[in-house]
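What follows is the residue order along each chain.
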Amino acid sequence: METDIRAKNLHGGSGLLESLNHHAIKVIEATDLPYFHFSEKEQVGRSFGTRFANAIQAIFDKGYLNVIAIGNDSPCLGKDHIQEASALLLQKKVVLGPSLDGGFYLFGITREHFDANGLESLPWQTSLLYQDTLSYFDSIPCQLATLETLTDIDSVKDIKHLTNYIKSLGSKWMTLFSKYLSQRMHFSQRMEIAPETLVQQTPFNKGSPFSFA
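Counting restarts for each chain: residues are numbered from 1 in the order of the written sequence. A pLDDT threshold of at least 70 governs which residues receive local features in this predicted model, and a stricter bar of 80 or more applies before side-chain atom pairs are shown or counted, although totals over entire chains, interfaces and linings include all residues. Working from all heavy atoms in the structure, the side-chain values ignore hydrogens and water.

Let's shift gears to the environment of Lys 26. Looking at the element boundaries, Lys 26 is found in helix H1 (residues 14-31). Only protein chains enter the accessibility calculation, which uses a 1.4 Å probe; a residue is then buried when its area is under 20% of its type maximum, exposed when over 50%, and partly exposed in between. The exposed category is assigned to Lys 26, whose relative accessible area is 57%. Note: C-alpha distance between Lys 26 and Gly 78 (52 residues apart in sequence) is 9.3 Å. Each helix is a run of DSSP H or I of at least 4 residues and each strand a run of E of at least 2, with the numbering of both proceeding from the N terminus.

Glancing now at the side chain of Gln 43. Relative to the helices and strands, Gln 43 is located in the loop between strand E1 (35-37) and helix H2 (48-60). By relative accessible area, which is 13% here, Gln 43 ends up buried. Contacts described as polar in this section are N or O atom pairs within 3.5 Å, which, within protein, must combine one atom able to donate a hydrogen with one able to accept it, while residues neighboring in sequence count only if both atoms come from side chains. Here Phe 38 takes part through its backbone oxygen, which lies 3.3 Å from a polar atom of the side chain of Gln 43.

We now examine the nonpolar core. Residues belong to one nonpolar core when they are buried, are Ala, Val, Leu, Ile, Met, Phe, Trp, Tyr or Cys, and are joined through side-chain atoms within 4.5 Å. Ranked by internal contacts, the top residues of the largest apolar core, which has 25 residues, are Phe 52, Ile 56, Phe 107, Ile 109, Leu 119, Trp 124 and Phe 137. Counting residues per element, the ones that place at least two in this core are H2, strand E2 (66-70), strand E3 (94-98), strand E4 (104-110) and helix H5 (129-138). Counting residues per element, this core draws most heavily on H2, which supplies seven residues. Beyond its immediate stretch of four places on either side in the chain, Leu 119 contacts Phe 52, Ala 53, Ile 56, Phe 107, Phe 114, Trp 124, Tyr 136 and Phe 137. In this structure, Ile 28, Ile 82, Tyr 105 and Leu 147 belong to the second largest nonpolar core, which totals 15 residues. Contacts are assigned to residue pairs with any non-hydrogen atoms lying within 4.5 Å of each other.

Here the focus is the confidence of the model for the protein chain. In this model, the protein chain carries an average pLDDT of 74, and 64% of its residues clear a pLDDT of 70 or more. Across residues 1-14, confidence stays below pLDDT 50; counting only partners more than four residues off in sequence or on other chains, it has 85 contacts. The predictor reports its confidence for every residue as pLDDT, a score running from 0 up to 100. Across residues 180-209, confidence stays below pLDDT 50; counting only partners more than four residues off in sequence or on other chains, it has 70 contacts.

Attention now goes to the pattern of salt bridges. Side chains that carry opposite charge are capable of pairing whenever their charged atoms lie near each other. Salt bridge, as used here, is a side-chain nitrogen of Lys or Arg placed within 4 Å of a carboxyl oxygen of Asp or Glu. Applying the stated criterion across every chain yields a total of one salt bridge. Close ionic contact of Glu 112 with Lys 92 constitutes a salt bridge, the shortest N to O distance being 4.0 Å. Here Lys 92 lies in the loop between helix H3 (79-90) and E3 and Glu 112 lies in the loop between E4 and helix H4 (116-120), a separation of 20 residues in the sequence. Exposure remark for Glu 112: the relative accessible area of 57% places this residue in the exposed category.

Those residues of H5 not exposed but buried are Leu 129, Tyr 130, Thr 133, Leu 134, Tyr 136 and Phe 137. What you see down the axis of H5 is that its buried residues fit within an arc of 160°, all on one side. Looking at the buried positions of H5, the neighbouring elements they touch are E3, E4, H4 and strand E5 (144-146). What the arc covers is the set of directions going from the helix axis to the C-beta atoms.

Okay, the environment of Pro 98 next. With respect to the helices, strands and loops of the structure, Pro 98 is situated in strand E3. Given a relative accessible area of 7%, Pro 98 falls into the buried group. Taking the C-alpha atoms as reference points, Pro 98 and Thr 146, 48 residues apart in sequence, are found 7.2 Å from one another.

Pairing of aromatic rings covers Phe, Tyr and Trp, the last through its six-membered ring, and needs centres within 6.5 Å; plane angles under 30 degrees mean stacked, over 60 mean edge-to-face, and all others mean tilted. Within this structure, the stated rule accounts for ten aromatic pairs. Judged by centre distance (4.8 Å) and plane angle (70°), the ring pair of Tyr 136 and Phe 137 falls under edge-to-face. Like Tyr 136, the residue Phe 137 is buried in the burial classification. Three or more aromatic residues joined by ring pairs make a cluster, and in this case those are Phe 48, Phe 52, Phe 104, Phe 107, Trp 124, Tyr 136 and Phe 137.

Okay, structure coming up:
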């Protein structure tokens, strides 16, 4: 994942959030694997690491032996990434899909390698997450496999990166990102002209995780 249960630095943009959710669900359904969506209502715990670990524990409690967790913030994520992770889990490997910001967009783990306390102690929501997670699983020890690196969306900067450099996303995403950036620019201009007329918006949680076997 990075299974982003975290609140992102994007403001507003409900259309973008809905599109990211739709994309994540569509990708998962294409794999034919069972999945469970943990929205903010289903997440349990006060910290990101606790909510992440609890979401995975909930799936193991249902009797599954392997869990893959993803967030809804990686428009480049495809079913091939999930299917590759699923195959690696059958080989008893822990799987990470690293993201450019130092975190990860996908996390796959077997029941035998899962330890809630260990996961909670990782430096979530920092650029150290991926490397510290590698070190953690090396210390267990266990076999670790990594997927290709992708860009996830944590900020407006990430959207600009995707728009400028990743043309393979297709016209739908390019149009949506361009619209969002335009709205963001208009919002910023209004802030400079008349800040007293604006209400501070709360960042939306676009990291509700999907967990599945």
